[in-house]
Amino acid sequence: MAVLKQEQKINLTTKKQHPRLRSMKDFYRKLKRNKAALVGGYLILFLTIVSLIGPYFLSNGINDVDYTARLQPPSAEYWLGTDQHGRDIFSRIIYGGQITLIVGFLSVALGGIVGVAIGIASGYYGGKIDTVIMRLMDILLAFPGILLALAIVSILGPDIVNVIYAVAIYSIPSFARIARGSTLSVKKLEYIDAVRGIGAGDFRILVRHVLPNVISPLIVQATLSIATAILTASGLSFLGLGAQPPSPEWGAMLNDGRGYMHDAGHIALFPGLAIVIAVLAFNLFGDGIRDALDPKSK
Amino acid sequence: MMLKFIVRRLLQLVPVLIGVTFLVFIMLHITPGDPAEVLAGEGATVETIENINERLGLNEPLHQQYLSFLSNAVQFDFGTSWRTGREVSSEIAPRFFVTLELAIYSTILSVFLGVIAGVISAVRRYSLTDVTIMLVALFGLSMPNFWLGLMLMQWFAVKLDWLPATGWGSGSQVILPVIALGTAGAAIIARMTRSSMLEIISQDYIRTARAKGVTEKVVIYRHALRNAMIPVVTVVGLQFGYLLGGAVLTETVFAINGLGRLVVDRIASRDFPVIQASILVIASLFVFVNVLVDISYRILNKRIDLD
């Protein structure tokens, strides 16, 4: 009990030395002044709301096939036109948004949690554990770009859930590297020694004291990783290795419609634009928070 | 000193390459279902499956299988394709060079465009030109290369009929795929070049050069650009790898018979020898390129501590 109290006291004093509260306010202030971050943030919010509640307002279902209205250009009835089966592209894009966002968030959350845990442990314990873990990460990083995801999907089979696993595994090394780097610098701070000195265990130190101090570069990484995850996942679906037809996943829609480009260019245009907007939103927001968190920026 | 560094860096490759080969090797074994059954097809007798297991050495202990996989891989022997029955190495070799060509041209395009755009942006910081270039770059790196490919194809091949829509080989066939694949890289390099230039321009020695009366052009191109390129070099190595991987998508869009498209085609038929060999070749090449980049980085920037 006495130990605990002492630890809390140290916590309080370190808070005074490391004014986390003030720096949070500072962070919001910088973030609000960063136009790119604001645009990105609002776009993400907009996309989330539209894909969550949008489907309730749609009159055309995603798989309402109407062969009398095939390949229609955009009109009042079909805002973004229809595809080769006469399905409403606008409705499909709205539904597809759900898939895109879920895949993006879940895969990055999964990969992020595993990667951060590995990275923090690696940096904190150092020595042989560190060497082995970092070599393993190097091996994963040796598969460039979409190739690792492709290999994983070829093992697990083409399916959107497997795409989530694939993208998660693919994003582990970058999280692990960043978490490790930050942990190494936090580990050297005096107060970690102090907390250990009063008897706090490794797990407690890692979760309560190291993690909060390494979180900001990880948030930036997570945001930018969602952008990459959306690109990778839609790419796999475009290759026919992710979401399968008739899924309205955006990459799958592009794959579905690309044979009809001669007759109806809008089929390939709009799902792609949707991907660009979603990826752009996360890139803008990620760039913005990175600038806001950068101590050099004012 | 430098030689020692190069030797050590090459030696560090060994565990990574062993890991990469092991991961590629294990693909076949962790995939759900028995490989011999996949190969034998549906309705095969137990005897046929046993024969296949025997022929492919799948009854041997795992570590022995890995060792023979490794020693064969070093000699570029990846067995025969499960689908075509042809030798894997002769099947992937021509495909590999197509993908390599595509990745090299796209890398050249992205370095060329990226560096020019980045320098202009940095020199005219906060101007309309700078803002425009950075916005275009942001779009460029947010765009899926397969969609950009489809759009380019729709405009320049289908609507305007200026360039061929598919294939690879002739000069005109190269243009659209290279733009589609190289754009994102150009965007990343432009952003990198800009921030690197800005950092250098604010350094003391640049101020000194200006104070000495050196013309702005000489300051920018002789002093700043040269130093600003050092961090960009590392990105180029990563970009090259990314483009090797990304080529999968571009090749599919433009129906190019490259290695990436081969992998995608064979995933459906679970032609593991071809998939494994292709992935191994690309990953190994990427690892080597990055070591080369690392070494040239040290040579360019002698100030870095060689440890």
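Residues numbered from 1 in each chain as written. Chains lettered and ligands numbered in written order. Predicted model: local features only at pLDDT ≥ 70, side-chain atom pairs only at ≥ 80, totals over all residues. Heavy atoms only, no water.

## Section: the overall build of chain A
Consideration 1: Assigned secondary structure in chain A consists of 11 helices and zero strands.
Consideration 2: Shown N-terminal to C-terminal, the secondary structure of chain A runs as helices and strands in the order α-α-α-α-α-α-α-α-α-α-α.
Consideration 3: Structurally, chain A occupies a C-alpha span of about 80 × 45 × 35 Å along its principal axes.
Consideration 4: Buried residues in chain A amount to 51% of all 298 residues.
Consideration 5: Intrachain contacts of chain A at a sequence separation of at least 6 include 74% that bridge at least 24 residues.
Consideration 6: In the form shown here, chain A has an accessible surface area of approximately 14,200 Å², with 65% of it arising from carbon and sulfur atoms.
Consideration 7: Put simply, chain A has 28 plus and 19 minus side-chain charges, and the middle of one group is 16 Å from the middle of the other. (Helix = DSSP H or I, 4+ residues; strand = E, 2+ residues; numbered from the N terminus. Buried < 20%, exposed > 50% of the residue type's maximum accessible area, 1.4 Å probe, protein only. Contact = heavy atoms within 4.5 Å. Areas by Shrake-Rupley, 256 points an atom, 1.4 Å probe, with all protein chains shown as cover. Lys, Arg positive; Asp, Glu negative; His and termini not counted. Charge placed at Lys NZ, Arg CZ, Asp CG, Glu CD.)

## What about unusual backbone geometry?
Trans is the common state for peptide bonds, and a negative phi is the common state for residues other than glycine.
Consideration 1: Cis geometry marks the peptide bond from A:P245 to A:P246, where omega comes out at 10°.
Consideration 2: Take A:P246: it is sitting in the loop between helix 9 (202-238) and helix 10 (250-257).
Consideration 3: Positive phi values are uncommon outside glycine, yet B:Y126 reaches one of about 70°.
Consideration 4: Turning to its location among the elements, B:Y126 is positioned in the loop between helix 5 (88-123) and helix 6 (128-142).
Consideration 5: For B:Y126, a relative accessible area of 62% translates into the label exposed.
Consideration 6: Unlike most non-glycine residues, B:D161 shows phi in positive territory, near 60°.
Consideration 7: Tracing the chain through its elements places B:D161 in the loop between helix 7 (145-159) and helix 8 (171-201).
Consideration 8: In this structure B:D161 comes out as exposed when scored by relative accessible area, which is 60%.

## Digging into the interface of chain B and chain A
Consideration 1: In this complex, chain B contributes 44 residues to the contact, which on the side of chain A involves 38 residues.
Consideration 2: Across the interface of chain B and chain A, roughly 3,600 Å² is buried in total on both sides, 80% from carbon and sulfur atoms.
Consideration 3: Of all residues in chain B, the largest losses of buried area upon contact with chain A belong to B:F146, B:W147 and B:I267, amounting jointly to 16% of the total for that side.
Consideration 4: Inspection of the region where chain B meets chain A yields one salt bridge.
Consideration 5: Taking the shortest distance from any N to any O, the salt bridge between A:D287 and B:R191 comes out at 2.8 Å. (Buried area = accessible area lost by both parts, 1.4 Å probe. Salt bridge = Lys/Arg side-chain N within 4 Å of Asp/Glu carboxyl O.)

## Some words on the pattern of salt bridges
Consideration 1: In this structure the tally under the stated criterion is 11 salt bridges over all chains.
Consideration 2: Put simply, A:R290 and A:D287 hold a salt bridge, and the shortest N to O gap is 2.9 Å. Of the two residues, A:R290 and A:D287 both sit in helix 11 (residues 266-293), three residues apart, roughly one turn of that helix.
Consideration 3: Here B:R194 makes a salt bridge to B:D130, at a shortest N to O gap of 2.9 Å.

## Quick word on the environment of B:I108
Residue and element names in this part refer to chain B.
Consideration 1: With respect to the helices, strands and loops of the structure, I108 is situated in helix 5.
Consideration 2: For I108, a relative accessible area of 52% corresponds to the exposed category.
Consideration 3: In this structure the C-alpha to C-alpha distance between I108 and V236, which are 128 residues apart in sequence, comes to 9.4 Å.

## Quick word on the packing of aromatic side chains
Residues and elements named next belong to chain B.
Consideration 1: Under the counting rule described, the total for this entry stands at 11 aromatic pairs over all chains.
Consideration 2: With a centroid separation of 6.0 Å and 40° between ring planes, the pair formed by F156 and W162 is classed as tilted.
Consideration 3: Judged by its relative accessible area of 27%, F156 is partly exposed.
Consideration 4: Each member of the aromatic cluster is reached from another via a ring pair, and the members are F22, F25, Y66 and F69.
Consideration 5: One cation-aromatic arrangement involves K159 over W155; the distance from NZ or CZ to the ring centre is 4.5 Å. (Phe/Tyr/Trp six-rings, centres within 6.5 Å; stacked < 30°, edge-to-face > 60°. Lys NZ or Arg CZ within 6 Å of the ring centre and 35° of its normal.)

## Description of the domain arrangement of chain B
Interfaces are often sized by the accessible area lost when the parts come together.
All names here are of chain B.
Consideration 1: According to the domain assignment, chain B contains domain 1 (19-88) and domain 2 (92-300).
Consideration 2: Taking the mean C-alpha position of each, domain 1 and domain 2 sit 36 Å from one another.
Consideration 3: Across the boundary between the two partners, domain 1 contributes 18 residues, which contact 15 residues of domain 2.
Consideration 4: Of the roughly 1,500 Å² buried at the junction of domain 1 and domain 2 (both faces included), carbon and sulfur atoms supply 71%.
Consideration 5: Together, F78, R83 and V88 form the three largest contributors to the area buried by domain 1 at its contact with domain 2, with a combined 33%.
Consideration 6: Summed over the shared surface of domain 1 and domain 2, the number is zero salt bridges.
Consideration 7: Counting across the interface, domain 1 meets domain 2 through seven residue pairs in polar contact (both at pLDDT 80 or more).
Consideration 8: Those elements that provide at least two residues to the side of domain 1 that touches domain 2 are helix 1 (2-30) and helix 4 (62-74).
Consideration 9: By residue number, the principal contributor to the side of domain 1 that touches domain 2 is helix 1, which donates six residues. (Domains from an automatic or database assignment. Polar contact = N/O pair within 3.5 Å; in protein donor to acceptor, adjacent residues only side chain to side chain.)

## Observations concerning helix 8 of chain B
Consideration 1: When the terminal C-alpha atoms of helix 8 of chain B are compared, their 39 Å separation across 31 residues is substantially less than the 45 Å that a helix rising 1.5 Å per residue should span.
Consideration 2: Along its length, helix 8 of chain B shows its largest kink, about 40°, at B:G182. (Expected span 1.5 Å × (residues − 1). Bend = angle between axes of the 7 residues up to and from the residue.)

## As for the UniProt feature "transmembrane region" (unreviewed entry) in chain A
Consideration 1: Feature annotation in UniProt places "transmembrane region" (unreviewed entry) on residues 36-58, 99-127, 139-157, 163-179, 218-244 and 264-286 of chain A, given in this structure's numbering.
Consideration 2: Taken end to end, residues 139-157 of chain A comprises 68% helix and 0% strand; its first and last C-alpha atoms sit 22 Å apart. (UniProt positions renumbered as here; feature names shortened; annotations may be inferred.)

## Here's the deal with the confidence of the model for chain A
Keep in mind that low pLDDT regions are not for reading the predicted coordinates in detail.
Consideration 1: In the predicted model, chain A carries a mean pLDDT of 83, and 91% of its residues have values of at least 70.
Consideration 2: Mean pLDDT in chain A bottoms out at helix 1 (residues 2-17) of chain A, which sits at 43, and peaks at helix 4 (residues 89-125) of chain A, which reaches 93. (pLDDT = per-residue confidence, 0-100.)

## Some points on the UniProt feature "domain: ABC transmembrane type-1" (unreviewed entry) in chain A
Consideration 1: Under the present numbering, the feature "domain: ABC transmembrane type-1" (unreviewed entry) in UniProt falls on residues 97-286 of chain A.
Consideration 2: The span residues 97-286 of chain A carries 82% helix and 0% strand; its end-to-end C-alpha distance comes to 20 Å.

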